[in-house]
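Observations on chain architecture
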Amino acid sequence: MAVVQFKQAPDGGRVLHTQHPGTLAPTGSIPVDGPAEVAAAMARARAAQPAWAALGFKGRRAAMERALTHLLDHTEDFIDVIVQDTGRSRFEARFLEILPACDALRFFGKFAAKALKTRRVGMHLLRHKSLRLEYRPRGVIGVITPWNGPFILGVSPTVQALMAGNAVIVKPSEITPHAGALVARLFAESGLDERLVQVVQGDGATGAALIDGGVDMISFTGSVATGRKVGEACGRNLIPATLELGGKDAMIVCGDADVDRAAGGCVFGSMVITGQFCCSTERVYVVEAVHDRFVDAVVEKVAALRTGTEGEFDIGAIIRADQLDIIERQVADAVAKGATVAVGGHRVTDHGGNFYAPTVITGATHDMLVMTEETFGPVVAIMKVADEAEAVRLANDTSYGLSGTVWSKDRKRAVRLAEQLDTGSVCVNDSCVTYGALEAPFGGARNSGVGVTHGVDGMRSYCLPRPILVDRIAPTEEMVWFPYQAAKEDKIKKAIAFLWKNPLGRLLS
Ligand code: NAD
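Residues numbered from 1 in each chain as written. Predicted model: local features only at pLDDT ≥ 70, side-chain atom pairs only at ≥ 80, totals over all residues. Heavy atoms only, no water.

Structural notes on the pattern of salt bridges
Inspection of the entire model under this criterion finds 29 salt bridges. Put simply, Arg-88 and Glu-97 hold a salt bridge, and the shortest N to O gap is 2.6 Å. Judged on exposure class, the residue Arg-88 and its partner Glu-97 are both buried. Salt-bridge contacts for Lys-494 lead to Asp-490; the nearest nitrogen and oxygen are separated by 3.2 Å. With Lys-494 and Asp-490 both in helix α16 (residues 486-501), this residue pair falls four residues apart, about one helical turn. Overall, the relative accessible area of 32% leaves Asp-490 in the partly exposed class. Taken together, the salt bridges that share partners define one network made up of Glu-76, Asp-80, Arg-90 and Arg-94. (Salt bridge = Lys/Arg side-chain N within 4 Å of Asp/Glu carboxyl O. Buried < 20%, exposed > 50% of the residue type's maximum accessible area, 1.4 Å probe, protein only. Helix = DSSP H or I, 4+ residues; strand = E, 2+ residues; numbered from the N terminus.)

As for the site of the ligand
The local shell around the ligand holds 31 residues, among which Lys-171, Glu-174, Ser-223, Leu-245 and Glu-374 are the closest. A distance of 3.2 Å separates an oxygen atom of the ligand from a polar backbone atom of Gly-222. A distance of 2.7 Å separates a nitrogen atom of the ligand from a polar atom in the backbone of Leu-245. Expressed as a share of its isolated accessible area of 850 Å², the protein-covered part of the ligand is 90%. Put simply, the parts of the chain that give the shell around the ligand at least two residues each are α7 (204-211), β9 (217-221) and α8 (224-237). For the shell around the ligand, the residue count by class is 14 nonpolar, 11 polar and six charged. (Near = heavy atom within 4 Å. Polar contact = N/O pair within 3.5 Å; in protein donor to acceptor, adjacent residues only side chain to side chain. Areas by Shrake-Rupley, 256 points an atom, 1.4 Å probe, with all protein chains shown as cover. Nonpolar A, V, L, I, M, F, W, Y, C, P; charged D, E, K, R; others polar.)

Remarks on the pairing of strand β17 (residues 425-428)
Within a regular beta strand, the side chains point alternately toward one face of the sheet and then the other, so they alternate between its two faces. Here β17 shows a clear split, with Ser-425 and Cys-427 buried on one side and none of Val-426 and Val-428 buried on the other. Pairing between strand β16 (residues 403-407) and β17: four bridges, direction parallel. Within β17, the residue paired with Ser-403 across the bridge is Ser-425. Considered for its hand, the β-α-β crossover made up of β16, helix α14 (residues 411-419) and β17 is right-handed. (Pairing = 2+ DSSP bridges. Right-handed = clockwise from strand over helix to strand, strands pointing away.)

Topic: the nonpolar core
The biggest cluster of nonpolar side chains holds 86 residues, and the ones touching the most others in it are Met-64, Leu-71, Leu-105, Phe-151, Leu-162, Phe-187 and Ile-218. Looking at which element gives the most residues to this core, the answer is helix α4 (residues 90-116), with 12 residues. Ignoring sequence-local partners within four residues, the contact set of Leu-71 consists of Phe-78, Ile-98, Ala-101, Cys-102, Leu-105, Phe-151 and Leu-186. Among the nonpolar cores identified, the runner-up in size contains 30 residues, and Ile-327, Ala-334, Ile-361 and Met-371 belong to it. (Core = buried A, V, L, I, M, F, W, Y, C linked by side-chain atoms within 4.5 Å. Contact = heavy atoms within 4.5 Å.)

Some remarks on the sheet that holds β17
Taken in spatial order, the seven strands of this open sheet run β13-β14-β15-β12-β11-β16-β17, and their pairing is mixed. Where the open sheet ends on each side, the last strands, each with one partner, are β13 (340-343) and β17. With strand direction ignored, the average angle separating the axes of adjacent strands in the sheet is 25°. Taken together, the three bridges between strand β14 (residues 359-362) and strand β15 (residues 379-385) define a ladder with parallel strand orientation. Paired with Ile-361 across the bridge in β15 is Ala-381. (Axes fitted to C-alpha atoms, helices over the stretch in contact; angles between N-to-C directions.)

Remarks on helix α2 (residues 56-73)
Over its 18 residues, α2 extends 26 Å from the first C-alpha to the last, a length consistent with the 26 Å expected when each residue adds 1.5 Å. All of the buried residues in α2 are Arg-60, Ala-63, Met-64, Ala-67, Leu-68, His-70 and Leu-71. Angular distribution of buried residues about the axis of α2 spans 165°; they occupy a single face of the element. The outward face of α2, more than 90 degrees from its buried face, is lined by the exposed residues Lys-58, Leu-72 and Asp-73. Turning to α2, the residues buried within the fold contact α1 (35-54), α3 (75-86), α4, α5 (152-163) and α6 (177-189). (Expected span 1.5 Å × (residues − 1). Arc of directions from axis to C-beta.)

Let's talk about the pairing of strand β6 (residues 140-144)
Within β6, five of the five residues are buried, which leaves it mostly tucked inside the rest of the structure. Here β6 shows a buried face lined by Val-140, Gly-142 and Ile-144 and a second buried face lined by Ile-141 and Val-143. The pairing of β6 with strand β7 (residues 167-171) spans five bridges and is classified as parallel. Within the sheet, the bridge partner assigned to Val-143 lies in β7 and is Val-170. As a crossover connection, the stretch from β6 through α5 into β7 is right-handed. Of the strand pairs in this sheet, β6 and β9 are connected by four bridges, and their pairing is parallel. Bridge pairing in β9 links Val-143 to Ser-219.

Some points on a positive patch on the surface
On the surface, Lys-110, Lys-114, Lys-117 and Arg-119 cluster together into a patch of positive charge. Note that Lys-110 resides in helix α4. A relative accessible area of 42% means that Lys-110 is categorised as partly exposed. (Patch = residues over 30% accessible without salt bridge, like charges linked within 9 Å, V, L, I, M, F, W, Y side chains within 5 Å. Lys, Arg positive; Asp, Glu negative; His and termini not counted. Charge placed at Lys NZ, Arg CZ, Asp CG, Glu CD.)

Points about the side chain of Gln-19
Summarising the element assignment, Gln-19 is placed in strand β2 (residues 14-19). Within the local environment of Gln-19, its side chain forms a polar contact with the backbone oxygen of Leu-24, the two atoms lying 3.1 Å apart.

Describing the packing of aromatic side chains
The final tally for this structure, using the stated rule, is eight aromatic pairs. For the pair Phe-107 and Phe-111, a centre-to-centre distance of 4.7 Å together with 25° between the ring planes defines the contact as stacked. Here Phe-107 pairs with Phe-111, and both are found in helix α4, just four residues apart, close to one helical turn. Its relative accessible area of 15% is what places Phe-107 among the buried residues. Look at Tyr-435 and Phe-442: their rings are 5.1 Å apart centre to centre, the planes differ by 85°, and that puts the pair in the edge-to-face class. In terms of burial, Tyr-435 and Phe-442 fall into one category: buried. Lying across the ring of Phe-78, Arg-185 places its NZ or CZ 4.8 Å from the centre. (Phe/Tyr/Trp six-rings, centres within 6.5 Å; stacked < 30°, edge-to-face > 60°. Lys NZ or Arg CZ within 6 Å of the ring centre and 35° of its normal.)

Describing a nonpolar patch on the surface
Among the surface-exposed residues, Leu-125, Leu-126, Leu-469, Ile-496 and Trp-500 lie close enough to one another that they form a single nonpolar patch of about 440 Å² accessible area. Note that Leu-126 resides in the loop between β4 (119-121) and β5 (129-137).

Some words on α14
Looking at α14, one finds that the buried residues are Ala-414, Leu-417 and Ala-418. Down the axis of α14, the buried set is contained in an arc of 105°. They therefore lie on one face. What points out from α14, more than 90 degrees from its buried face, is the exposed set Lys-412 and Glu-419. Where α14 is buried, its residues contact α13 (388-395), β16 and β17. For α14, the N-terminal capping position is held by Asp-410, with its side-chain oxygen 3.2 Å away from the main-chain nitrogen of Lys-412.

The following block contains the structure:
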C-alpha cells in the first residue's frame, strides 16, 4: 500500500506518482529533478537575488503582503491541494497550514526590519571605534521539508529567508510534493520574480543534489536520521544548516492539575494531525493522585474521535503508508511488555486508505518502544508516577529534546518544573503551541535539532552578521604595531593593570 511510487519515464528520468492517503485515489504525477535541474534553479536564483536584496525591507514586505492577499483570495484552492496530499480535514488544513502561513507572511514581513536592521553597537574597550553591525543575506537558501506540514514548513522558512534578502529553493517531501509546490505557486501567482522562490521535486537524491549544488545555507526539517546526513553534507560543503528534527514529547500532569483540561490537552496534543506532529504529546507522566481520573477522561474523549476522509471528522489518514507498520510494531511491543490498550489499537479499513484508530495505552514503562521511539501516529502512552520529580526524571530519559508540556494550577511551580526539562521549548497548561508563537525561537535540544527558526535568532540565522569597525578618532600612536619596543610593552602592562587590577578599571572594561 504505497502513497507514492517512482516510475521510469520514457526519457529515462524518474516520475513520482502520488495517491490520496485516505482513499488511495491517484492524485497525479511529477517529474523528479536531478543535479541538472538543481543547477539550473541555482543559476536563476543567483541571478535574481542581488536585486531582491537591494529592494530593502519595505519593498520585500510589500511582496509578502501581496502573497498574503493572494493566499486569502485563494484559500480554498490551496486547501484542496493540501487535503489531497495529506488526507487531513479541511479544518486542520485551515488552522495548521493556512492560518500560520498568513501569520508568517504578515509577521515576518513586519518583524524583519526590527530583527535585521543595521545597528550600532556600543564598544567597551575599543571606545575610539564605532561598530556597525549589518545582517547580510547569505544568498540562496535551500529549504528541505517533511510531509507532515507540507505547506507551512516550506512557507515559514521561505518567508524568513526572503525577508532577510535571500532567494530560496524548496525541496518538498516526495510524499507530499503537490502541497510542497504550493510555496512557489503562492509567490509566483502574487507577482514575485519566479526565480526567487523555486521548487525542485524528488526524494533524498534531489535533496542531496541541492546541498551539493552550491546553496549558501540549508534549512532542514525532518527526521533525526536524515538530519545527520544533511548535517554531514553541509559540513562537507562548509555551509550552515538549521536542523529541525523529530521528538518524543513528554507531558507532565501534576497532582494539582485541572484534570479535565489536561485530558483535553492530552487528546489534542497527541491526536492533532493524526499524531503526525513533531511536537505531538507521545508520553504522559501522571502523578498517582490524579492518574485514574485523568485516564478515564482521556479514554472517553479519544473514544469519541471520528476518522474520515470527507466532511466533518477529527482524525485523518496516516500520510506515509509505512508509518502504519511502525505504529503497529510499537503497540504490539507495549502489549507484549504488559501495557493495556484502553481504546483503539488497530488499523481502520472503512475508508479504503491508511488509517489507524486513535489509541490510548496505559501502564506504559520505559522499556517499551512506545515510550522511547518517535511514534508519529494517533497513539498516546500513559504512565503512572509517584510524584513530579519522577516525572521530570523520566521525561528527560530520552535522546530527544524537542518540546514538552507541564500541567498544574500553580503556574510558578509549573514553570519551575518546565525549567528542569531538557527541551527546546515547554508549554504550561497547553499543548505545544510554540511553533505558532513567531516571536519565540523554535528548535530542539539534544537529538531534536541544531539551531532555531522564528524569533530574532531564527531570522538572523538566514544572514551573515557582518561588523564594520570605523575609527571615530584618528589614533596618534598604535601601541601594538611594529616595531615592538620595551617602552610600548610597558604601556600595555600599565593598561592591563589599570583595566583589570583595580575596581574602577573593571567597572569600565
Ligand atoms: P525525512 O527525514 O525522511 O525527510 C525529510 C526531507 O529530507 C524530505 O524532503 C526528504 O526527501 C529529504 N531527504 C531525505 N534524504 C535526504 C538526504 N540524504 N539529503 C537531503 N535531503 C534528504 O523526514 P519525514 O519522514 O519527511 O518527516 C518526518 C520527521 O520530521 C519526523 O521525525 C518529525 O518529527 C520531523 N519534523 C520535525 C519538525 C521540527 O520542527 N522539529 C517539524 C516537522 C517534522
